[in-house]
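# Working through the structure, step by step
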Amino acid sequence: MDLELTEDQELFRETTAKFLERTSPLSTVREWAEKEPAGFPADWWRQGAGLGWTSLLVSEDDGGGSVSGHGLLDLVIVAEEMGRGVAPGPLLPVNVVAAALSEYGTQDQRDRYLPDLLSGEAIASWCLTEKGAPGLPSGVGLQATRRGADFVLTGRKGPVEAGAEAEFFVVAALVDGEPTQFLVDADAPGVTVTRAEGLDLVRRFAMVELDDVVLPAAAVLGEAGAGAPQIERLFELAVALECASMAGVIDRVLSFTMEYSFDRYSFGRPLASYQALKHRFADMKLWTEASLATALAAARSVDAKSERAFEFVSVAKSYIGDRAPLILQDCVQLHGGIGVTWDHDLHLYIRRVVQDRALFGTPYDHRERIAQALRLEESHGH
Amino acid sequence: MATDRLDTDRVDAAPAEGTEDLEAFRMRARAWLADNMPPLQETLTPHQLMLQDEMGTRARELQRILFDGGFAGLCFPKEYGGQGLTRAHQAAFTHESAPYEMPLVLNVPTFSILAPTLLDFGTEEQKRAHIPKIISGEEMWVQFLSEPSGGSDLASLVTRATRDGDVFILNGSKIWSSGAFRADYALCLARTEWHVPKHRGLTCFIVKIHQPGIEVQQIKMVNGSSEFCQEFFDDVAIPAENVVGEVNDGWTVATRLLYHERDAVGGGSPYTSGVFGGRGEHGSGRTDLIDLARATGRTGDSHVRQLVAESRANDLVGAQLISRVTKGISTGKFPGPAGSLHRLYAATNAERHQDIALELAGAGAGAWAEGDLAGEKGIEFLSRQSGSLGGGSNEMQRNIISERILGMPREYAADKDKPFDEVRHNASPSRPR
Ligand SMILES: Cc1cc2nc3c(=O)[nH]c(=O)nc-3n(C[C@H](O)[C@H](O)[C@H](O)COP(=O)(O)OP(=O)(O)OC[C@H]3O[C@@H](n4cnc5c(N)ncnc54)[C@H](O)[C@@H]3O)c2cc1C
């Protein structure tokens, strides 16, 4: 958690945490996993939207508004709390799309799409990733060809979070080799959405196929061929949210594993009294604090649109993406046999972290971005 | 311990009214550095420069230039010769100073461990006598803590100080004191009372190093240098006014010293100025592995790119962790011992850094043409564990984190609450002839 939350942000955090505790405790998450096709009831998401979950990255003129004047720093509070409670909900895709519309959309595009997105009535998602390419801005290969004044898109995107629930998508493509983003309605002719299998119990994904989808120029977000900075920006927002989510997960799991080590006895002593285990907890505490620190630094740099954001999100994602799964599996080890059972909640957290780690660039992919930021291959004068 | 009123806590208070604006300071520092400090040469790294200046003569000269220019002791209080500025000013100065030769050897332990401890527990006379001289480069200080009988269990030390009128007579031996041969003063922890539990019989003294009765021997280390020293004390008379803190309450002083030490070796001290490693090409992070990768001509190899990037990420996360822990301690959200977090981070990151360097250096780490960067990495690897031992071993930091941050049960201690003279401990070896 940010150690410098304003009073308003602290209140916002408490409200969010209490709402999640009341409406979606883990027992409910397990129920929704079974019976809710989307992973959550539609009304629940609308209530979350009422708390501000959808509007923090959107300007006030467009019906949005932040708590602190730093929308992303408010939003990562929600992402972290959702990590702590492995909550469902399309927090990441909806906010990325809302930011895309608010920052780059025309008045018509904003009027048409934003109100329902902000109220929680509609869900939307971002189609970046493609099969066979890393989930990075550089992995976009889907071609959009010009046909008269129109554009024609053909190709496959996925996995796309909340793809089956989304009413429309922001699709990253290439026009004449240059990145360009389009707004595509889910029911447009030629769009086929297929549910995908997924590790998380309540966060759902789909594959999106575009077959000769004809779009007017009015569907372009910003200008054709000028989408690279947009895609980078949305990517940074997405990674900052993933990192906050993973940091929330490990913070929560470490603390309940700690409690367990005090309660569980062997050889007449609590597990917490064995130095071999204390030292592992010390390491996990260190990695967790470091994860919280780097997640926040990444969010701050993206919020400030700093030129360091490119590197900082990749530093955070590569660090947390490496550490979080190790911490969780060590927590399983420290629980003993109960840790590998379905009834224990540990696997809910592992599922969440594995997804966060895998999407929008693995640690490996992000280290390659860091190497690029360092301009490693350029030789310097000295 | 009422740490809330200690002098060094002031560094995180709101800046005093009239404190120079950060950007104005940065510009002024940049111009001053260009006019006054010698630029780093292409051929010698800051680390090599430090090794060449064995006695610290050059460092003292450079510090004097900084002092005369008003750029020394930036975070020390004005009344003791400092500038009373904030961490942010110091960070800006460090960043700006990267292309210049700086007196780096003074950073640890003089500026970041001994001076802050003196600031916290020294008498007014002690502070006025020494801190301005420390800041001007006239005095170098070291710590006399570890003994041949043990370092981790510091409170079991057996160097003896016996009161005799208005002096204490010191007998025994200290070891692993880095840089003592070139230093002027030490803070020395000695046992003044034997019939009480170990923590309650210790006293901290200011000891002038080069004087009759003290013999300093250098110890050759794995990398060929002789930084380490052992001292032998033979009826050394220490004036009673050199006691720091209270007699038999030296543990309180030592605890604070160790706090500053964790901060210093963890990279979080506001009292250091300038950094090793690189010319500030990418912020103030070290660039040795980038240079190494370029020197080996393998910057396009994805394995090499991964390792350099991993090390870069580890370094940045370390800096971000320091900000978090520092903020946590200064706002009371984290307990004081939280400094062990970045101390342990720095040490484990240093180990990983060495491993990566060894991998990047390839065959060159084993045998190299004179002057090759790769060979330097081979030699550095020999001292891989230094950072994990000096300043309290990693195991001690893990004890602190688990017990004093996470609140886990303390380790069983056979000597708990027992008078020290009834407890089994290692004896001090006699002096070699
Ligand atoms: C580069 C460097 C610089 C130094 N500079 C100084 C200096 O300037 N002044 C000074 O006074 N000292 C200095 N030291 C000494 C340093 O503080 C000690 O080496 C350190 O505290 C360990 O003490 P020791 O060497 O006696 O090892 P021991 O205390 O004998 O420990 C040996 C090993 O056992 C482990 N161990 C000990 N007790 C426990 C326990 N309860 N639980 C788990 N593991 C345990 C230790 O972690 C270590 O791995 C320096 C050391 C180094 C390496």
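## Focus on the overall build of chain A
In terms of helices and strands, chain A carries eleven helices and ten strands. Compactness check: chain A gives a C-alpha radius of gyration of 21 Å against a globular reference of 21 Å for 382 residues, within 12% of the reference. If one aligns the C-alpha atoms of chain A with their principal axes, the spans along those axes are about 80 × 60 × 40 Å. Considering chain A as a whole, with its 382 residues, one finds that 61% of them fall into the buried category.

## A few points about the layout of surface pockets
All names here are of chain B. By volume, the second largest pocket is sized at about 400 Å³. Lining of the second largest pocket is provided by 23 residues; of these, A16, T19, Q83, G84 and L85 occupy positions nearest its centre. Its residues assigned to classes, the lining of the second largest pocket shows eleven nonpolar, six polar and six charged.

## What about the interface of chain A and chain B?
Facing 44 residues of chain A, the contacting portion of chain B comprises 44 residues. Carbon and sulfur atoms supply 63% of the area buried between chain A and chain B, which totals about 4100 Å² over both sides. The interface formed by chain A and chain B includes eight salt bridges. As a salt-bridge pair, D283 of chain A and R398 of chain B come within 2.8 Å of each other at their nearest N and O atoms. At the level of elements, helix 7 (228-263), helix 8 (275-303), helix 9 (309-335) and helix 11 (363-373) of chain A are the ones that each hand at least two residues to the side of chain A that touches chain B. In terms of residue count, the dominant contributor to the side of chain A that touches chain B is helix 8 of chain A (14 residues). By residue class, the composition of the side of chain A that touches chain B is 21 nonpolar, eleven polar and twelve charged.

## Here we look at the domain arrangement of chain A
One frequently used descriptor of interface size is the decrease in accessible area upon assembly of the parts. Residues and elements named next belong to chain A. As far as domains go, chain A holds domain 1 (7-119), domain 2 (124-225) and domain 3 (229-381). Tallying the contact residues gives 24 residues for domain 1 and 30 residues for domain 3. When domain 1 packs against domain 3, close to 2300 Å² is buried across both sides, 67% of that on carbon and sulfur atoms. On the domain 1 side of the interface with domain 3, the three residues burying the most area are R30, L72 and R84, jointly 27% of the side's total. At the surface where domain 1 touches domain 3, the tally comes to four salt bridges.

## Comments concerning the packing of aromatic side chains
Applying the stated criterion across every chain yields a total of 23 aromatic pairs over all chains. By the ring-pair criterion, three or more aromatic residues cluster together here, those being F19, W32, F40, W44, W45 and W53 of chain A. Above the plane of the ring of F310 of chain A lies R369 of chain A, whose end atom (NZ or CZ) is 3.8 Å from the centre. Sitting above the plane of the W194 of chain B ring, R191 of chain B keeps its charged end 5.6 Å from the centroid.

## A few points about the site of the ligand
Around the ligand, a shell composed of 18 residues is seen, among which S146, G151, S152, W176 and S393 of chain B lie nearest. One chain alone does not account for the residues near the ligand; they come from chains A and B. Separating an oxygen atom of the ligand from a backbone N or O atom of G151 of chain B is a distance of 2.7 Å. W176 of chain B is positioned such that a nitrogen or oxygen atom in its backbone is 3.0 Å from a nitrogen atom of the ligand. For the ligand, whose unbound accessible area comes to 970 Å², protein coverage reaches 67%. Contributions of two or more residues to the shell around the ligand are made by helix 12 (386-389) and helix 13 (394-405) of chain B. Considering each element in turn, the shell around the ligand owes the most residues, three residues, to helix 13 of chain B. Here the shell around the ligand is composed, by residue class, of five nonpolar, twelve polar and one charged.

## With respect to the pattern of salt bridges
Here the idea is simple: oppositely charged side chains can pair when their charged atoms come close. For the structure shown, the criterion picks out 63 salt bridges over all chains. Taking the shortest distance from any N to any O, the salt bridge between K35 of chain A and E31 of chain A comes out at 3.8 Å. Taken together, the residues span about one helical turn, with K35 of chain A and E31 of chain A both in helix 2 (residues 26-35) at a distance of four residues. Between E20 of chain B and R28 of chain B there is a salt bridge, with its nearest N and O atoms 2.8 Å apart. Connected via shared salt-bridge partners are E10, R13, E80, E81, R84 and D251 of chain A.

## Regarding the nonpolar core
Residues and elements named next belong to chain A. The biggest cluster of nonpolar side chains holds 139 residues, and the ones touching the most others in it are W44, W53, L72, L117, W126 and F360. The leading source of residues in this core is helix 7, at 18 residues. Not counting chain neighbours up to four residues away, the residues in contact with W126 comprise P93, V96, V97, V160, V170, Q181, I231, L234, F235, A238 and F360.

## Quick look at the pairing of strand 5 (residues 202-208) of chain B
Residues and elements named next belong to chain B. Summarising burial for strand 5: six of the seven residues are buried, a large majority. Here strand 4 (residues 185-191) runs beside strand 5; their pairing, made up of seven bridges, is antiparallel. Residue pairing in the sheet places L189 in a bridge with C204 of strand 5. Inspection of the sheet shows strand 5 paired to strand 8 (residues 243-244) by two bridges, in the antiparallel sense. Note on strand 8: the bridge partner recorded for C204 is V244.

## Observations regarding a nonpolar patch on the surface
A surface patch of nonpolar side chains, amounting to about 390 Å² of accessible area, comprises V222, W368, I379 and L382 of chain B. As for its position among the elements, V222 of chain B is in the loop between strand 6 (214-218) and strand 7 (229-239).

## Observations concerning the domain arrangement of chain B
The assigned domain composition of chain B is domain 1 (2-104) and domain 2 (279-392). Computed from C-alpha atoms alone, the centre-to-centre distance between domain 1 of chain B and domain 2 of chain B is 23 Å.

## Let's talk about unusual backbone geometry
Between G158 of chain A and P159 of chain A the backbone carries a cis peptide bond, its omega angle lying at 0°. Structurally, P159 of chain A can be placed in strand 3 (residues 150-161). That bond from V108 of chain B to P109 of chain B is cis: its omega, 5°, falls within 30 degrees of zero. Assignment of secondary structure puts P109 of chain B in helix 5 (residues 107-121). Even without being glycine, D176 of chain A reaches a positive phi, approximately 50°. By the element assignment, D176 of chain A lies in the loop between strand 4 (168-175) and strand 5 (178-185). A relative accessible area of 61% means that D176 of chain A is categorised as exposed. Of note, F360 of chain A is a non-glycine position whose phi angle comes to about 50°, a positive value. Locating F360 of chain A in the fold gives a position in the loop between helix 10 (346-358) and helix 11. Here F360 of chain A falls in the buried class, since its relative accessible area comes to 12%.

## Notes on the side chain of Q126 of chain B
All names here are of chain B. If you trace the backbone, Q126 turns up in helix 6 (residues 124-135). Within the local environment of Q126, its side chain forms a polar contact with the backbone nitrogen of T123, the two atoms lying 2.9 Å apart. Within the structure, Q126 has its side chain in polar contact with the backbone oxygen of E241 (distance 2.8 Å). If sequence neighbours within four positions are ignored, Q126 has contacts with I131, I206, E241, N242, V243 and V244.

## Structural notes on the confidence of the model for chain B
Considering every residue of chain B, the mean pLDDT works out to 92; 96% of them sit at 70 or more. Across the interface, the model reports ipTM at 0.94; the global pTM reads 0.93.

## A short note on helix 4 (residues 87-97) of chain B
Each α-helix winds once per 3.6 residues, and so residues spaced three or four apart point in a common direction. H89, Q90, A92, F93, T94, E96 and S97 of chain B are the residues of helix 4 of chain B that are buried. Contact partners of the buried residues in helix 4 of chain B: helix 1 (22-36) and helix 3 (57-68) of chain B.

The rules we used
Residues numbered from 1 in each chain as written. Chains lettered and ligands numbered in written order. Predicted model: local features only at pLDDT ≥ 70, side-chain atom pairs only at ≥ 80, totals over all residues. Heavy atoms only, no water. Helix = DSSP H or I, 4+ residues; strand = E, 2+ residues; numbered from the N terminus. Rg over C-alpha atoms; globule rule 2.2 N^0.38 Å. Buried < 20%, exposed > 50% of the residue type's maximum accessible area, 1.4 Å probe, protein only. 1 Å grid on protein atoms, 1.4 Å probe; cavity = no way out; pocket = protein on both sides within 12 Å on 5 of 7 lines; lining within 4 Å. Points joined across faces, edges and corners; volume = space filled by probe spheres on them. Nonpolar A, V, L, I, M, F, W, Y, C, P; charged D, E, K, R; others polar. Contact = heavy atoms within 4.5 Å. Buried area = accessible area lost by both parts, 1.4 Å probe. Salt bridge = Lys/Arg side-chain N within 4 Å of Asp/Glu carboxyl O. Domains from an automatic or database assignment. Phe/Tyr/Trp six-rings, centres within 6.5 Å; stacked < 30°, edge-to-face > 60°. Lys NZ or Arg CZ within 6 Å of the ring centre and 35° of its normal. Near = heavy atom within 4 Å. Polar contact = N/O pair within 3.5 Å; in protein donor to acceptor, adjacent residues only side chain to side chain. Areas by Shrake-Rupley, 256 points an atom, 1.4 Å probe, with all protein chains shown as cover. Core = buried A, V, L, I, M, F, W, Y, C linked by side-chain atoms within 4.5 Å. Pairing = 2+ DSSP bridges. Patch = residues over 30% accessible without salt bridge, like charges linked within 9 Å, V, L, I, M, F, W, Y side chains within 5 Å. pLDDT = per-residue confidence, 0-100.

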